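What follows is each chain in one-letter form.
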Amino acid sequence: IMAMRFMNGLNQIISSLSDPKGLKVIVETLGFQHLDLEVTIPRVIIFRDAIIDLLAVEMGARFTPKARDGWATFLNYVGGAYIYVRVK
């Protein structure tokens, strides 16, 4: 169930990347749903790196440096938004 929730959240965020206002609403909503977790910068980095490592292993050479940078930026944005929602 948790994996499905994670994938649904990821899908929502990725689907709204072309709509900045919609993206903001989705990320804020997910941020509020994670208020019970202590989301911190070090934890975001650990999570980001774990996801990127997983993608690199699964995709091999198809996971280009550009894709790696894109995923890192994407996960940093989401993690930063979760921290912002929690702090404010």
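Rules behind the numbers
- Residues numbered from 1 in each chain as written.
- Predicted model: local features only at pLDDT ≥ 70, side-chain atom pairs only at ≥ 80, totals over all residues.
- Heavy atoms only, no water.
- Helix = DSSP H or I, 4+ residues; strand = E, 2+ residues; numbered from the N terminus.
- Buried < 20%, exposed > 50% of the residue type's maximum accessible area, 1.4 Å probe, protein only.
- Polar contact = N/O pair within 3.5 Å; in protein donor to acceptor, adjacent residues only side chain to side chain.
- Contact = heavy atoms within 4.5 Å.
- Patch = residues over 30% accessible without salt bridge, like charges linked within 9 Å, V, L, I, M, F, W, Y side chains within 5 Å.
- Areas by Shrake-Rupley, 256 points an atom, 1.4 Å probe, with all protein chains shown as cover.
- Salt bridge = Lys/Arg side-chain N within 4 Å of Asp/Glu carboxyl O.
- Core = buried A, V, L, I, M, F, W, Y, C linked by side-chain atoms within 4.5 Å.

**Student:** What should I look at first to understand the side chain of R48 in this one?
**Tutor:** Relative to the helices and strands, R48 resides in helix α3 (residues 41-59). R48 sits in the buried class, given a relative accessible area of 16%. A distance of 2.9 Å separates the side chain of R48 from the side chain of D49, its partner in a polar contact. Excluding residues within four positions of it along the chain, R48 makes contact with A72, L75 and N76.

**Student:** Whenever I open this one, the side chain of S16 confuses me. Can you help?
**Tutor:** Mapped onto the elements of the fold, S16 is located in the loop between α1 (2-15) and α2 (20-33). Judged by its relative accessible area of 7%, S16 is buried. Apart from the residues lying within four places of it in its own chain, the contact partners of S16 are G22, L23 and I26.

**Student:** It is not clear to me how a nonpolar patch on the surface should be interpreted in this structure. Could you clarify?
**Tutor:** Nonpolar side chains collect at one region of the surface, where F6, M7 and F47 lie side by side and expose about 280 Å² of accessible area between them. Locating M7 in the fold gives a position in helix α1.

**Student:** When you look at the nonpolar core in this model, what are you seeing that I'm missing?
**Tutor:** It is characteristic of soluble globular proteins that their nonpolar side chains tend to be buried jointly. One finds I13, V27, F74, V78 and Y82 to be the most contacted residues of the largest nonpolar core, which totals 18 residues. Those elements that provide at least two residues to this core are α1, α2, α3 and α4 (65-87). Y82 has contacts with V27, L30, G31, H34 and V39, leaving out every residue within four places of it along the chain.

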